[in-house]
2 protein chains.
Amino acid sequence: MIMKALIKEFEHILGKNNVFQDETDRATYSYDAAVLDSALPSLVLRPTSSETLGRVVGLCNEQALPLTVRGAGTNLSGGTIPQAGGVVVLTNALNRIIEINEEDLYAVVEPGVVTASFAAAVEARGLFYPPDPGSQAVSTLGGNVAENAGGLRGLRYGVTRDYVLGFQFFDVNGELVKTGARTVKCVTGYNLGGLLVGSEGTLGIFDQITLKLIPMPPARKALMAIFNDINKASETVAAIIAHRIVPVTLEFMDNFTIRAVEDFSRAGLPVDAAALLLIEVDGHPHQVEEEAAKVEALCRQMGARHIRVAKDAAERDKVWEARRAALSALSRIKPTTVLEDATVPRSKIPAMIRSIEEIAKEFNVTIGTFGHAGDGNLHPTILTDRRNQEEWERVEKAIDAIFDRALALGGTLSGEHGIGLAKSRFLEKETNRATILYSRRIKAALDPKNILNPGKIIGD
Amino acid sequence: MIMKALIKEFEHILGKNNVFQDETDRATYSYDAAVLDSALPSLVLRPTSSETLGRVVGLCNEQALPLTVRGAGTNLSGGTIPQAGGVVVLTNALNRIIEINEEDLYAVVEPGVVTASFAAAVEARGLFYPPDPGSQAVSTLGGNVAENAGGLRGLRYGVTRDYVLGFQFFDVNGELVKTGARTVKCVTGYNLGGLLVGSEGTLGIFDQITLKLIPMPPARKALMAIFNDINKASETVAAIIAHRIVPVTLEFMDNFTIRAVEDFSRAGLPVDAAALLLIEVDGHPHQVEEEAAKVEALCRQMGARHIRVAKDAAERDKVWEARRAALSALSRIKPTTVLEDATVPRSKIPAMIRSIEEIAKEFNVTIGTFGHAGDGNLHPTILTDRRNQEEWERVEKAIDAIFDRALALGGTLSGEHGIGLAKSRFLEKETNRATILYSRRIKAALDPKNILNPGKIIGD
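Quantities reported herein were computed from a predicted structural model and do not represent experimental measurements.

## Here's the deal with the overall build of chain A
- Summing up its helical and strand segments, chain A has 16 helices and 18 strands in all.
- By the compact-globule yardstick of 23 Å for 460 residues, chain A fits well, its C-alpha radius of gyration being 22 Å.
- Over its C-alpha atoms, taken along the principal directions, chain A stretches across nearly 70 × 60 × 40 Å.
- Burial statistics for chain A: of 460 residues in total, 64% are counted as buried.

So this is what it looks like as structure tokens:
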């Protein structure tokens, strides 16, 4: 329980209407999109300025009060669950786009800016901010950076990390740290921005983020390749890259997912197909035509039964909306949806997809698989009911088996969803003890009282 | 002085012929390409395997012996000067390209692989590793990563940091730490690779580096725009980007540099020009033609007196060789060459170039300016004689003034040469006390005896 005097002090700093004590308010921020137990914070705070954000951080540290920052809470690994209690700090009032610089191709933003709003503001200037996590319509840039969010365009354009040029963040004492620059080249001091990206709120609290922008590619073209054989679809993924074509997006969807999505979105997906590839190329108009033709020929050669080319932007957008609805569509089917995030080198996608099918059979669980096949990032999605203890145990075993298989294929535990609480116990499987100790030495040095989102990513 | 017993132990680990004690050997590794006092190491070690590298690191830590890793020593900021004595560890025997994976577009290398050899090996497979620091013919990939090296292609393709996917490195105890993956997406644990890039050998010793590769662009075209007015040349830089063209390279050379280079290389540069822009575009053949035509038109419109388009690869290569010779050419003129590295947002290039001219006049020093104007990274190069105390003092004042001006224009102290010893005292000018303390807390936690390249980047 937080002392009355401390609450008064937070109210003094933030104003009464930005300090929330009611149980309903606190319950709202006790969970995120991960399938994990919720945890009630003692207090929810909503700073409305950089200066008060810094004071809140400093005060929490002084009082050894756990502090979990929260953007939109779309996190899929429990990174925003305040498991140690303490305060949840909301960033939604820190949502200014401070600058979009067209000459120098960068933007400066506060952490609470919504990803899709930012992308739209940038696009209105003819510029492009590529990272597009599935939750972009509500997720915040601060959350994206804290989780190093990926998305559909990772194959060609990389992930959030690749767009962070600079940072101002508060260290645990509430002191402002500055790193990086407004230029692509900067080697002044340690690359603290590199460390902070994906650190899940455990090493500092973002104040301002400088993001790299690029010119908007002048043309794009999307097509859908329909397969009767799931193996042929997965083998086509590697074949495209082997032919030196790097599409913007190269998405895979299995039959289970196709049916769920079609049932939900009525986008006209072929419900009898064993698998789909959704492919978009972009760039110079000539290049786009050439690459689309090559991709189409390759898909046919690899055994696609049919290829649909989007006639116009409306048709293209409809397909992408359907794809983006995959998680929502699947999560309607059963009470509990476990969205996994195993990632393998792309040439191992056929083996990984086969393994997921085998694992589903072995543990008798329902798995719909879709994802960013082009960058090896699959989302096998387990549909279950967590209240069914016997089934849940099988689900947990299936998850373990998926991780083991991804690692055996030279992959990684998490491509884009983070480690959070959900996977910290698996971390040593992929790395080793020395890596965890090295990471914990950093954490202990930068947050000696362990107040910044304790227990996340590297465990306790 | 290192005790005899310890030397015996190093000899036992590495073999006698990989432990160097002679003063001539030690003197060879007492300096690098920076204009700074040299410092003699007590011992030079040359591990020939990953395993012995780890043992050497562990033993140095046990004995609290300073350890400076050295690739080719092409470093321009004193990062490889063993200022605290101790041992220099050479990576030149750890030079295997372990894997080039064409399907999954990555390579795994040891730190001692020479940059240009690697780029050639990759190119032979139709792939592309873009970072091309000026010293690439001799520099090592380990050195490039430790310094986050840039180069001519930063504008379009980014810097070394943008190509590091994963790492194995030895922590100060000689324990192997693993981070990152062979996939573009990986959020398993802290982004330790991000922290290690550019850390100048102060946080760990690289064992293996996983680098991202991309397909080789099918076409490229280079042109030279010749200006009678330096301001018009510098204003053209921003105009090109403002027209949403991002060339691979957009290099600037002032008259002083043109004359020095022509004198050295006889490449046919116009010695009467006030300034040159050297521009290369790449990509799909149609795009290349279109962009080259747009760039040419823009240069004319901005006042170029003449534009030369390279007729073929040989002519193109000749111009780039001449450009790459700029530092060598300038350094012949006077005994001491101070190559600076001020970087500003590209729209500030005209102001920065004007300021450099003013500073040269104010302090009565000779400055030749060239560099990667497209990404705002200029190399004002001061030609002097360090033995002339009075002149040297003016040079130091001019350097200070260049830094102050770059920062005032929203830039950074160092774009690609690192902080090393040369600039650590300036670090606080750009960042602040909290940033330096944050960085030192990391260093102290990961290297408690301060043996890993002590005194570099964040000072002591």
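## Here's the deal with the sheet that holds strand S12 (residues 219-227) of chain B
All names here are of chain B.
- The strand order S15-S12-S14-S13-S17-S18-S16 describes an open sheet built from seven strands, whose pairing is antiparallel. In the strand order of this sheet, the two ends are held by strand S15 (306-309) and strand S16 (336-339), each with one partner. Here the average twist between neighbouring strands, direction ignored, is 15°.
- By the bridge criterion, nine bridges tie S12 to strand S14 (residues 275-283) in an arrangement that is antiparallel. Its bridge partner lying in S14, Arg-220 is registered against Asp-282.
- Helix H13 (residues 349-362) rests against strand S13 (249-254), strand S17 (366-372) and strand S18 (377-384) of the sheet, and its axis sits at about 10° to S18.

## What to know about the interface of chain A and chain B
- Facing 81 residues of chain A, the contacting portion of chain B comprises 81 residues.
- Overall, the association of chain A and chain B removes approximately 7100 Å² of surface from exposure, summing both partners, and the carbon and sulfur fraction of that is 57%.
- Scanning the region where chain A abuts chain B turns up eight salt bridges.
- Elements that contribute at least two residues to the side of chain A that touches chain B include exactly strand S9 (176-180), helix H7 (192-196), helix H10 (285-301), helix H15 (427-430) and helix H16 (433-446) of chain A.
- For the side of chain A that touches chain B, the leading source of residues is H16 of chain A, giving nine residues.

## Quick word on the environment of Gly-112 of chain B
Residue and element names in this part refer to chain B.
- If you trace the backbone, Gly-112 turns up in the loop between strand S6 (106-109) and helix H4 (115-123).
- According to the relative accessible area criterion, Gly-112 is buried, its value standing at 5%.
- It is 20 Å that separates the C-alpha atoms of Gly-112 and Cys-60, two residues lying 52 residues apart in sequence.
- Once residues within four sequence positions are removed from consideration, Gly-112 is found in contact with Thr-91, Leu-94, Asn-95 and Thr-140.

## Section: the relation of the copies chain A and chain B
- The two copies are related by a screw motion: chain A maps onto chain B through a turn of 180° and a shift of 0.0 Å along the axis, at an RMSD of 0.0 Å. Taken together, these values place the two copies in the relation of a two-fold axis. Of the C-alpha atoms belonging to chain A, the one lying closest to the rotation axis is found on Gly-194 of chain A, 2.1 Å away.
- By residue overlap, the copies meet face to face through one surface: 100% of the interface positions of chain A are interface positions in chain B.

## Overview of the packing of aromatic side chains
- A complete count under the given rule lists 14 aromatic pairs over all chains for this structure.
- Centroid distance Phe-167 of chain A to Phe-206 of chain A: 4.8 Å. Interplanar angle 35°. Geometry classified as tilted. Of the two residues, Phe-167 of chain A is situated in strand S8 (residues 164-170) and Phe-206 of chain A in strand S10 (residues 205-212); the sequence distance between them amounts to 39 residues. Both residues of the pair, Phe-167 of chain A and Phe-206 of chain A, count as buried.
- Through a chain of ring-to-ring contacts, the aromatic side chains of Phe-167, Phe-169 and Phe-206 of chain A together with Tyr-438 of chain B assemble into a single cluster.

## Here we look at the sheet that holds strand S5 (residues 97-101) of chain B
All names here are of chain B.
- Spatial strand order, S5-S6-S10-S8-S9: five strands in an open sheet with antiparallel pairing. One side of each edge strand has no neighbouring strand; the edge strands of this open sheet are S5 and strand S9 (176-180). Averaged over all pairs of adjacent strands, the angle between strand axes in this sheet comes to 10°, irrespective of strand direction.
- Relative to S9, strand S8 (residues 164-170) runs antiparallel, the two being bridged by five bridges. The partner of Phe-167 across the bridge, within S9, is Thr-179.
- Contacting S8 and strand S10 (205-212), helix H3 (residues 50-62) crosses the sheet at an angle of about 130° to S10.

## Topic: the domain arrangement of chain A
- Domain boundaries assigned for chain A yield domain 1 (4-90), domain 2 (97-215), domain 3 (219-326) and domain 4 (328-408).
- Taking only C-alpha atoms, the centre of domain 1 of chain A and the centre of domain 3 of chain A are 42 Å apart.

## Re the pattern of salt bridges
All names here are of chain B.
- Scanning the model with the defined rule gives 57 salt bridges over all chains in all.
- Of the charged contacts in the structure, one is a salt bridge between Glu-280 and Arg-220, with a shortest N-O distance of 2.8 Å. Of the two residues, Glu-280 is situated in strand S14 and Arg-220 in strand S12; the sequence distance between them amounts to 60 residues.
- With relative accessibility at 5%, the residue Glu-280 sits in the buried group.
- Close ionic contact of Arg-300 with Glu-296 constitutes a salt bridge, the shortest N to O distance being 2.9 Å. Taken as a pair, Arg-300 and Glu-296 lie in helix H10 (residues 285-301) at a separation of four residues, close to a single helical turn.

## Describing the environment of Leu-378 of chain A
- By the element assignment, Leu-378 of chain A lies in strand S18 (residues 377-384).
- With sequence-adjacent residues up to four places away left out, Leu-378 of chain A is seen in contact with Glu-340, Asp-341, Ala-342, Ile-349, Met-352, Ile-353, Ile-356, Thr-369, Phe-370 and Gly-371 of chain A.

## Digging into the packing of helix H13 (residues 349-362) of chain A against helix H14 (residues 389-408) of chain A
Residues and elements named next belong to chain A.
- With their axes 10 Å apart at the nearest point, H13 and H14 run at an angle of 160° to one another. When the axis of H13 is compared with that of H14, the two are roughly antiparallel. Viewed along their axes, H13 and H14 form a crossing whose handedness is right-handed. Contact with H13, carried on its side by Met-352, Ser-355 and Ile-359, involves Ala-398, Ala-401, Ile-402, Arg-405 and Ala-406 of H14 and no other residues of that element.
- The class makeup of the residues in the contact of H13 with H14 is six nonpolar, one polar and one charged.

## Describing the environment of Thr-336 of chain B
Residue and element names in this part refer to chain B.
- Within the element layout of this structure, Thr-336 appears in strand S16.
- The buried category is assigned to Thr-336, whose relative accessible area is 9%.
- Sequence separation of Thr-336 and Ile-100 is 236 residues, and the distance between their C-alpha atoms is 41 Å.
- Ignoring sequence-local partners within four residues, the contact set of Thr-336 consists of Val-35, Ile-382, Leu-383, Thr-384, Asp-385, Arg-386 and Trp-392.
- At 2.9 Å, the side chain of Thr-336 forms a polar contact with the backbone nitrogen of Arg-386.

## What about the side chain of Arg-316 of chain B?
All names here are of chain B.
- Within the secondary structure, Arg-316 is located in helix H11 (residues 313-324).
- For Arg-316, a relative accessible area of 12% gives the class buried.
- Aside from chain neighbours lying at most four places away, what touches Arg-316 is Arg-220, Ala-222, Glu-280 and Ala-310.

So, how was this worked out
Residues numbered from 1 in each chain as written. Chains lettered and ligands numbered in written order. Predicted model: local features only at pLDDT ≥ 70, side-chain atom pairs only at ≥ 80, totals over all residues. Heavy atoms only, no water. Helix = DSSP H or I, 4+ residues; strand = E, 2+ residues; numbered from the N terminus. Rg over C-alpha atoms; globule rule 2.2 N^0.38 Å. Buried < 20%, exposed > 50% of the residue type's maximum accessible area, 1.4 Å probe, protein only. Pairing = 2+ DSSP bridges. Axes fitted to C-alpha atoms, helices over the stretch in contact; angles between N-to-C directions. Contact = heavy atoms within 4.5 Å. Buried area = accessible area lost by both parts, 1.4 Å probe. Salt bridge = Lys/Arg side-chain N within 4 Å of Asp/Glu carboxyl O. Least-squares fit on C-alpha atoms with pLDDT ≥ 70 in both. Phe/Tyr/Trp six-rings, centres within 6.5 Å; stacked < 30°, edge-to-face > 60°. Domains from an automatic or database assignment. Parallel < 35°, antiparallel > 145°, perpendicular 65-115°, else oblique. Left-handed = near helix turned anticlockwise from the far one by under 90°. Nonpolar A, V, L, I, M, F, W, Y, C, P; charged D, E, K, R; others polar. Polar contact = N/O pair within 3.5 Å; in protein donor to acceptor, adjacent residues only side chain to side chain.

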